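# Inside the fold
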Amino acid sequence: MYDVIVIGAGTAGMSSALYSARGGMHTLVLEKQSYGGQIVVSPEVENYPGIAKTSGFAFAQGLYEQMLQLGVEYKSEGVTEVVLQKKGFLVTTEERQYEAKSVIVATGLTKRKLQLPLEETLTGHGISYCATCDGAFFRKKQVGVNGGGNTALEDALFLSQYCEKVFLIHRREEFRGEQFLVEQLKQCKNVEFLMPYKVVELAGTQQLKGIVLEQTVTGEKSSLQLDGLFVAIGQIPENQIVAGLVELDEGGYIVAGEDTVTSVAGLYAAGDCRTKEVRQLTTAAADGAIAGVHAIRYVKELDYSYIE
Ligand code: NAP
């Protein structure tokens with residue numbers, strides 16, 4: 001039986017494993033894809049305290065090597081189910097089953113994609129899913145923000161401080177996000193609302209050059225030159241594997257506060273998969289540290305002697 005199993009090898013998961021292993025816990029990390037999580041697609045990271053500039057890949061690689069050096073076991077296996085047992089948890093992967101006294105869920109989320117050709121190629125080369133991470137790279141440039149929720153509205157406000165021009169592109173005439181943000185945006189001279197429009201094509205080979213928009217009522221198409229497009233059309237948490245076990249909110253996020261404590265004793269949620277206001281690299285690492293410390297305490301205090 002492992003002391004701690006961490007599900008997901010993004011920044012939150014690897015940080016929690018690092019803390020757990022340093023705390024003397026026999027720790028296993030399970031990851032269905034390659035390690036690193038969302039940050040690996042960021043070509044430049046310059047908002048992590050103490051690291052002036054690095055690439056997302058280099059950051060993830062460093063964290064991966066660090067956790068292995070500290071004795072963490074890593075397996076590239078996708079978890080399919082987590083079940084609570086009399087003694088700890090049973091974690092099932094596509095290949096086998098593992099037991100653990102404590103589980104840290106750090107499964108992250110995926111940003112909803114436009115599902116357009118070239119989207120993957122141009123991600124990190126003009127297309128971004130995180131304005132706070134990448135906005136500064138578009139200083140004095142012309143950008144678009146796609147979406148009508150709070151994320152898109154906040155992104156547009158944030159970018160209006162850096163960019164020469166911000167086009168807010170939304171598929172309906174009304175925003176899903178809050179009205180006070182809309183009012184703030186209306187005051188910004190460099191923000192233009194493009195509604196009701198959807199993005200139907202991306203232009204550029206190595207770098208985004210522009211987009212094609214379609215007016216959703218008339219079907220009329222038009223081109224728009226852009227240096228950057230921030231896609232903010234929703235997020236999908238990856239919590240299906242614990243959906244029957246732990247409390248989720250209506251959006252599918254694991255209900256947990258800054259202490260990463262969930263509705264199930266011994267199961268912690270770290271990083272973007274939990275209810276959370278600020279989803280950043282630093283907050284993912286912080287969650288990892290907190291979840292790791294909690295798991296260590298939980299395992300040390302465990303007493304199975306009452307179970308025959
Ligand atoms: P969201 O509220 O789900 O909004 C997604 C937006 O993207 C909607 O306007 C939707 O359009 C649009 N959309 C969805 N699929 C699309 C597609 N395929 N093509 C074009 N547009 C598409 O997502 P979010 O803005 O990321 O916010 C997620 C949650 O976090 C929300 O509960 C939000 O309130 C919360 N949040 C809170 C804060 C804050 O409190 N400061 C900040 C950010 C986010 P329709 O409206 O037409 O469906």
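What counts, and at which threshold
Residues numbered from 1 in each chain as written. Predicted model: local features only at pLDDT ≥ 70, side-chain atom pairs only at ≥ 80, totals over all residues. Heavy atoms only, no water. Helix = DSSP H or I, 4+ residues; strand = E, 2+ residues; numbered from the N terminus. Buried < 20%, exposed > 50% of the residue type's maximum accessible area, 1.4 Å probe, protein only. Contact = heavy atoms within 4.5 Å. Areas by Shrake-Rupley, 256 points an atom, 1.4 Å probe, with all protein chains shown as cover. Lys, Arg positive; Asp, Glu negative; His and termini not counted. Charge placed at Lys NZ, Arg CZ, Asp CG, Glu CD. Salt bridge = Lys/Arg side-chain N within 4 Å of Asp/Glu carboxyl O. Pairing = 2+ DSSP bridges. Core = buried A, V, L, I, M, F, W, Y, C linked by side-chain atoms within 4.5 Å. Near = heavy atom within 4 Å. Polar contact = N/O pair within 3.5 Å; in protein donor to acceptor, adjacent residues only side chain to side chain. Nonpolar A, V, L, I, M, F, W, Y, C, P; charged D, E, K, R; others polar.

Before going further, it helps to spend a moment on the overall build of the protein. When you go through the protein residue by residue, the secondary structure sums to seven helices and 17 strands. The principal-axis extents of the C-alpha atoms in the protein amount to approximately 70 × 35 × 35 Å. Classification of the 308 residues of the protein by burial places 51% in the buried group. Residue pairs at least 24 apart in sequence account for 59% of intrachain contacts in the protein once pairs closer than 6 positions are excluded. Carbon and sulfur atoms make up 48% of the accessible area of the protein, which totals about 15000 Å². Taking the average location of the 28 positive side-chain charges in the protein and that of its 38 negative ones, the two points are 3 Å from each other.

Here the bond from Met-195 into Pro-196 is cis, since omega is -5°, no more than 30 degrees from zero. With respect to the secondary-structure elements, Pro-196 resides in the loop between strand 11 (191-194) and strand 12 (197-203). Even without being a glycine, Leu-118 presents a positive backbone phi close to 80°. Looking at the secondary structure, you find Leu-118 in the loop between strand 7 (109-111) and helix 3 (119-122). With a phi angle near 65°, Thr-260 is a residue other than glycine that sits in the positive phi range. With respect to the helices, strands and loops of the structure, Thr-260 is situated in the loop between strand 16 (235-237) and strand 17 (267-269).

This brings us to the pattern of salt bridges. For the structure on display, the rule yields eight salt bridges. In this structure, Lys-165 engages Glu-192 in a salt bridge whose closest nitrogen and oxygen atoms are separated by 2.9 Å. Taken together, the residues span a long stretch of sequence, with Lys-165 in strand 10 (residues 165-169) and Glu-192 in strand 11 at a distance of 27 residues. A salt bridge links Asp-287 to Arg-274, with the nearest nitrogen and oxygen atoms 2.7 Å apart.

The five strands are arranged 8-15-9-10-11 in an open sheet whose pairing can be described as parallel. Edge positions in the open sheet fall to strand 8 (127-128) and strand 11, since each of these has one partner strand only. With four bridges connecting them, strand 10 and strand 11 associate as parallel partners. The residue of strand 11 that forms the bridge with Val-166 is Val-191.

Considering soluble globular proteins, one finds that nonpolar side chains tend to be buried as a cluster. Counting 29 residues, the largest nonpolar core has Val-4, Val-29, Met-67 and Ile-104 as the members making the most contacts within it. Sorting the residues of this core by element identifies strand 1 (2-7), helix 1 (11-22), helix 2 (56-69) and helix 7 (281-301) as the ones contributing at least two each. Here this core gets six residues from one element, more than from any other, and that element is helix 7. One finds Val-91, Ala-100, Ile-254 and Ala-269 within the second-largest nonpolar core, a separate group that totals 22 residues.

This part takes up the site of the ligand. Residues in contact with the ligand amount to 13 residues; listed here are only the nearest, Thr-151, Glu-154, Arg-171, Arg-172 and Arg-176. Interatomic distance of 2.7 Å between a side-chain N/O atom of Thr-151 and an oxygen atom of the ligand. Between Arg-176 and the ligand, the recorded distance is 2.6 Å, taken from a side-chain N or O atom to an oxygen atom. Considering the ligand on its own, with 920 Å² of exposed area, one finds that the protein chains cover 66% of that surface. Per-class residue counts for the shell around the ligand are two nonpolar, six polar and five charged.

Any functional reading would require information beyond the geometric quantities listed.
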